[in-house]
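Each chain, letter by letter, is given below.
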Amino acid sequence: MSWKETLNLPATDFPMKADLVRREPVIQARWDAEDLYGSIRRERAGARRFVLHDGPPYANGDIHLGHVLNKVLKDITVRYRTMRGDDAPYVPGWDCHGLPIELEVVKQLGAAAKDTSKVEIRRLCREYAERWLDVQRTSFRRLGCLGDWGRPYATMTPAYEAGVLDVFADLVEKGYVLRGLRPIHWCVQCRTALAEAELEYEDVESPSIHVRFAVRSDGLARVGGEPADVVIWTTTPWTLPANRAVAVHPELPYAVVVHDGPDREQRAIVALPLVAAYLAAVGATDHTVPLVLPGAELVGLRLHHPFLDREVPVVAADYVSADDGTGCVHTAPGHGADDFETGRREGLELACPVDAGGVYTADVGVESLVGVHVFKANEPVLGLLRERGRLAASTRFRHSYPHCWRCKRPVIFRATDQWFVSVDHEDLRARAVAACDDDVAWVPAWGRLRLRGMLLGRPDWCISRQRAWGVPIPAVYCEDCGSVHCTPELVRHARDLVARHGADAWFERDIAELVPAGLRCGCGGARFRRETDIFDVWFESGSSWRSVLTDAHGLQFPADVYLEGHDQHRGWFQSSLLPALAVRGAPPFRTCVTHGFFIDDRGEKLSKSKGGMKELAPQVIFEQIGVDIVRLFLMTGNYFGDVPVSRRLVKPAEDQYRKIRNTFRFLLGGLAGFAPREDHVDVAHLRAPDRWVLQTLDVLAADVERAYEAFEYQRAAALLRDFMDHDLSAFYLDIVKDRLYCAKPGGVDHRSVQTALFRLATVLVKLWAPILVHTCEEAWSALAPFGIEGSVHAATWPHHGSDDRTRLTWMEQLREVRTEIQRLVDPLRKSGEVGSGQDVAVRWNCLDETLAHALSVDAAALIGDDADEGLREILGVAEFVRVNAPEDPAALEGLAPTGREGLQLAVARSQLRRCERCWRRRAEVPEGADALCARCEPFRPHGTAS
RNA sequence: GGGCGACUAGCUCAGUUGGUUAGAGCACGCGCCUGAUAAGCGCGAGGUCAGUGGUUCGAAUCCACUGUCGCCCA
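Everything quoted here is computed from the prediction, not taken from an experiment. (Residues numbered from 1 in each chain as written. Chains lettered and ligands numbered in written order. Predicted model: local features only at pLDDT ≥ 70, side-chain atom pairs only at ≥ 80, totals over all residues. Heavy atoms only, no water.)

*Asks:* Would you mind going over the overall build of chain A with me for this structure?
*Replies:* Of the regular secondary structure elements, chain A holds 28 helices and 31 strands. Over its C-alpha atoms chain A spans a radius of gyration of 38 Å, topping by over 25% the 30 Å that the globule rule assigns to 946 residues. For chain A, with 946 residues in total, the buried portion stands at 57%. Approximately 39,200 Å² of chain A is accessible, and the part contributed by carbon and sulfur atoms is 50%. For chain A, the centre of its 115 positive side-chain charges and the centre of its 133 negative side-chain charges are spaced 3 Å apart. (Helix = DSSP H or I, 4+ residues; strand = E, 2+ residues; numbered from the N terminus. Rg over C-alpha atoms; globule rule 2.2 N^0.38 Å. Buried < 20%, exposed > 50% of the residue type's maximum accessible area, 1.4 Å probe, protein only. Areas by Shrake-Rupley, 256 points an atom, 1.4 Å probe, with all protein chains shown as cover. Lys, Arg positive; Asp, Glu negative; His and termini not counted. Charge placed at Lys NZ, Arg CZ, Asp CG, Glu CD.)

Okay, structure coming up:
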């Protein structure tokens, strides 16, 4: 007869096939319908608040894999903290202002852009940002991220803009804000200042020229008495009209080199280590060096500008190196950061004869250059140099050069009037470094060093931009004398206006409404015009703590965590730290967590020109792969560093997912007929393997918890995967199948397993829940018949105790033995001698005290009643017999050493008869067809012959 | 060019403060089971821990240099 019907085979509604693409939206719809986020918040009201402050993505275009990783990590964090019992709100935000959106809008307007008012452009920008905000929000929700999606923050709302102005007003009041002429990166195409973050470095080919600056005759005595030239090297000939000095390193040796030239002998002054390079560049064939002198002795020499009627000094500068060029550095204070600093120190003129569009102004000093675009000026400048015999050499040079992130054109350095936040006012820089060291935790730890280095090296923060789409800088200029007014009162006046009417008011209202009543200029004037510059978007997002970390959003200052890509060390982390420190005196975050970026499976960064990662576009994830699989995939690698991605690399995660899912399915299936409250078996009465597995689960839960606490979610996933693979699927579940299927339903053997399975299921679903958000919710629902209610995401984190490891180490030893047996059985299987382990008889002898003890005394103590049966169950064999070596040396025949020191084993086909129901070979099974073991005999239907 | 990281099996990664024979998953090879079945299980092969030099009784692990890659900057 078929005994299958007399077994308790697994049964559950939890399907093997995930069908994530179809099922995830259904689960999300239920979360929405039941207002899961809102109800959790209400439930956690008054609990310890955990604030993760969302860094706002830019509301421009579809989301990509980078957004996915970032939002998933945030979601895991929020869900984990929530399960720990914290009140962990998540308020998503969007960065809405800025150049990319404005340029996109302007591009769409085409020729009409010129005739479109600023306010109209702003309106179009707002619509554009709103549209993408919605698109992105839909995608983020589809990723299963839990949050206050109905009430996000957006940097273009009046409340947010007012917050930016609050921060600015405080900075003005405390004296951090200054206005000045500075050379900054400038895009002549976009006609705007660019932040460091808006630059992209690309290789370009530039002219590479050596230019001779003649030493004025009264200085020749210091350089050998003969006419000589200081030779500089530059890749930007167009900046030569703005040259105001030549810098040398005071401690570097300089050589006077005499060499042959095209028409006459030349005497050139260059750094000694660079003489050979110089001679090669000018093509000299022989030379002498009559004089070497330190740079310090050159300082103060006066030089003739190569084509302008002016003299420029030789000055000292530390940054001059002997690595390239000539060691004599062309210095144009209006066109370079180092040059500017040098110029300020030496009192040089800050010349910048270039207008916003990149065209030379009349100040350039050469009639023929006026009106020429600097990108087309290199040839004319070279012409001037040639005419005057000042061009020593000219070639081309390939190097990395900054480009505008939006229009991709090369940028220039140009001196302009800008607004700055001083980084050194009231020791802000030093305080920021100290805060980095003492008040902020960094995950991974090297984030501290990174931000530290950036803070120490950074210049003052240029916060102004000459564009339309942003928060206006509230300042006015006197119409009579031109002086600027930007007081705390004026800023706060504007702040109130913006809070009520939005930032557009600044551009559309009458000037009288923008300034406090009765404002007078020092010159007596009372007529003003408004500043039209707007804030750097980094200043806006860096002020988010002011308007977002507030009660209005259910948040508070400071945030527990900022969690972003590690490009935000320089970006948002820094731009948030500085204003908060200046205004509030404290960092806005307690911990900064960073993740890495994606590279393709060849180790190269993903670039849009190569098609980005289309095979893993969010649409593909949503419609073909499933979010949970991708969430799992993202938790397999080390997301703190570079994350390699490709469709091919996701494959293993799909397999892993199926394994996890099926293990859940098996756990759930084994629970059929179990009523937790009534059928639950006390720990003390649990069978040995069941008691062991729950203890192991406790250890696992503690490890997983530590991993979550440390933001090492990939570690949590790895621990869980290993446990489900090795400890459950390959070991524990294998050994308990017999009791689960064949033991008397409702008996202790059966209920003991079910007690373990029930706890395994509920705990594992919880431990996975922050990562596999949908699958765990589905599994949680499948536990409904066993009294489980609600959402797993509203459930609380499992308790776990017991540090007693004796049972664990005991079982470890048994597993070693099990492995050794399997190793020996393998050849028997391949030869067809045995099928499963249930056909195997094992004889063993052990020379190792500890192991022998574990297999005998410990087994008796930990298994209880029938230790032999217990060992057979754990080891998965039909017979496990210790040979009586001392009294019967012949019994050692056939025993072989194993990988485990001291353990000797012999395996063979068991000669015992097999129980037809449970397939175990046992001594008591009688001969004949349909023979059953003693345990199974009661399942024989009445009237059936044995 | 500078700062910060990374480099371990064909691929993706573990490897807690230096300490037995460097682990796992995928892929690969050989099998088992058919009572988790569009599942499950076992065994096996595969590594000069990027390279070179150093510290140490002992280095994948600490130090220096070199190479390749990434991020940030110049």
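*Asks:* I'm lost on the domain arrangement of chain A in this one. Help?
*Replies:* One widely used convention gives an interface's size as the accessible area the parts lose upon coming together. Taken domain by domain, chain A comprises domain 1 (208-353 + 365-397) and domain 2 (806-911). For domain 1 versus domain 2, the distance between C-alpha centres works out to 87 Å. (Domains from an automatic or database assignment.)

*Asks:* Which parts of the structure should I look at to understand the environment of L808?
*Replies:* Structurally, the position occupied by L808 is in helix α26 (residues 806-830). Accessibility expressed as a relative area gives 9% for L808, which makes it buried. Along the backbone, L808 and C918 are 110 residues apart, and their C-alpha atoms lie at a distance of 28 Å. Beyond its immediate stretch of four places on either side in the chain, L808 contacts W692, Q695, T696 and V699. (Contact = heavy atoms within 4.5 Å.)

*Asks:* When you look at the pairing of strand β4 (residues 177-187) in this model, what are you seeing that I'm missing?
*Replies:* Side-chain direction in a regular strand flips from residue to residue, so the side chains alternate between the two faces of the sheet. In terms of burial, β4 is a largely internal element, 8 of the 11 residues being buried. Where β4 meets strand β16 (residues 412-421), 10 bridges bridge the pair, whose relative direction is antiparallel. The residue of β16 that forms the bridge with G180 is Q418. Here 2 bridges tie β4 to strand β5 (residues 192-193), and the two strands are oriented antiparallel to one another. Looking at β5, one finds that W186 is bridged to A193. Two successive antiparallel strands, β4 and β5, enclose a turn made up of 4 residues, where R191 displays a positive phi of approximately 50°. (Pairing = 2+ DSSP bridges.)

*Asks:* What am I meant to see in the packing of helix α11 (residues 447-457) against helix α17 (residues 572-583) here?
*Replies:* Relative orientation and spacing of two packed helices are given, respectively, by the angle between their axes and the distance between those axes. For the pair α11 and α17, the least separation of the axes is 11 Å and the interaxial angle reads 60°. The handedness of the crossing between α11 and α17 comes out as right-handed. Of the residues in α17, those touching α11 at L451, M454 and L455 are Q574, L577 and L578. Of the residues assigned to the contact of α11 with α17, the class counts are 5 nonpolar, 1 polar and no charged. (Axes fitted to C-alpha atoms, helices over the stretch in contact; angles between N-to-C directions. Left-handed = near helix turned anticlockwise from the far one by under 90°. Nonpolar A, V, L, I, M, F, W, Y, C, P; charged D, E, K, R; others polar.)

*Asks:* What should I look at first to understand the sheet that holds strand β30 (residues 896-897) in this one?
*Replies:* Note on sheets: strands pair through backbone hydrogen bonds, and any given pair is parallel or antiparallel. Sheet architecture is open: 4 strands sit in the order β29-β28-β31-β30, paired in mixed fashion. Two strands bound the open sheet, and with one partner strand each, they are β29 (879-882) and β30. Where strand β28 (residues 840-846) and β29 come together, 4 bridges link them in parallel fashion. Bridge pairing in β29 links A841 to E879.

*Asks:* How do you make sense of the packing of helix α20 (residues 647-669) against helix α24 (residues 748-768) when you look at a structure like this?
*Replies:* One way to put it is that α20 packs onto α24 with a least axis distance of 9 Å and a crossing angle of 145°. The two elements α20 and α24 meet at a crossing, and its hand is left-handed. Between α20 and α24, the contacting residues are I660, F664 and L667 on the first element and L757, L760, A761, L764, V765 and W768 on the second. Partitioning the contact of α20 with α24 into residue classes produces 9 nonpolar, no polar and no charged.

*Asks:* Explain the sheet that holds strand β1 (residues 52-53) to me, please; I cannot follow it from the model alone.
*Replies:* Spatially, 4 strands are ordered β1-β24-β25-β17 in an open sheet, and the strand pairing comes out parallel. Only two strands of the sheet have a single neighbouring strand rather than two, namely β1 and β17 (441-443). Looking at chain direction, strand β24 (residues 559-565) and strand β25 (residues 589-595) are connected through 6 bridges and run parallel. Within β25, the residue paired with L563 across the bridge is V593. With respect to the sheet, α17 is in contact with β1, β17, β24 and β25, its orientation differing from that of β25 by roughly 165°.

*Asks:* What is the right way to read the side chain of E777 from this model?
*Replies:* Along the chain, E777 turns up in helix α25 (residues 773-782). Residue E777 is classed as buried on the basis of its relative accessible area of 1%. Each residue touching E777, except ones within four places of it in the same chain, is listed here: I27, R30, W31, S791, V792 and H793.

*Asks:* How should I be thinking about unusual backbone geometry in this particular structure?
*Replies:* Leaving glycine aside, a negative phi is the common case for residues, and trans is the common case for peptide bonds. Across the junction of V443 and P444, the peptide omega takes the value -5°, indicating a cis bond. Looking at the secondary structure, you find P444 in the loop between β17 and α11. Cis geometry marks the peptide bond from F557 to P558, where omega comes out at -5°. Residue placement: P558 occurs in the loop between α16 (544-548) and β24. With phi around 50°, D19 is a residue other than glycine that occupies positive phi space.

*Asks:* Where do I start with the packing of aromatic side chains in this structure?
*Replies:* The relation between two aromatic rings is expressed through the spacing of the ring centres and the mutual angle of the planes. The tally for this structure, following the rule as stated, stands at 25 aromatic pairs. Centroid distance Y708 to W797: 5.6 Å. Interplanar angle 90°. Geometry classified as edge-to-face. Highlighted residues: Y708 in helix α22 (residues 688-709) and W797 in the loop between α25 and α26, separated in sequence by 89 residues. Positioned above the aromatic ring of W186 is the side chain of R414, whose terminal nitrogen or guanidinium carbon lies 4.6 Å from the ring centre. One Lys or Arg, R584, reaches over the ring of F557 and ends 4.7 Å from the middle of that ring. (Phe/Tyr/Trp six-rings, centres within 6.5 Å; stacked < 30°, edge-to-face > 60°. Lys NZ or Arg CZ within 6 Å of the ring centre and 35° of its normal.)

*Asks:* In this structure, what is going on with the environment of G98? I would like to understand it.
*Replies:* Following the sequence through the fold, G98 ends up in the loop between β2 (93-94) and α4 (99-109). Judged by relative accessible area, G98 falls into the buried class, the value being 7%. Along the sequence, G98 and D536 sit 438 residues apart, while their C-alpha atoms lie 7.7 Å from each other. Residues within four places of G98 in sequence aside, it is in contact with Y58, W469 and V537.

*Asks:* I keep staring at the nonpolar core and nothing clicks. Help me out?
*Replies:* One finds M635, Y732, L760, L764 and W768 to be the most contacted residues of the largest nonpolar core, which totals 158 residues. For this core, the element with the highest residue contribution is helix α23 (residues 713-742), accounting for 15 residues. Dropping the residues within four chain positions of it, M635 is found in contact with L69, V72, L73, I76, Y713, Q714, A717, R721 and I771. Counting 55 residues, the second-largest nonpolar core is a separate cluster that includes V421, V433, W442 and M454. (Core = buried A, V, L, I, M, F, W, Y, C linked by side-chain atoms within 4.5 Å.)

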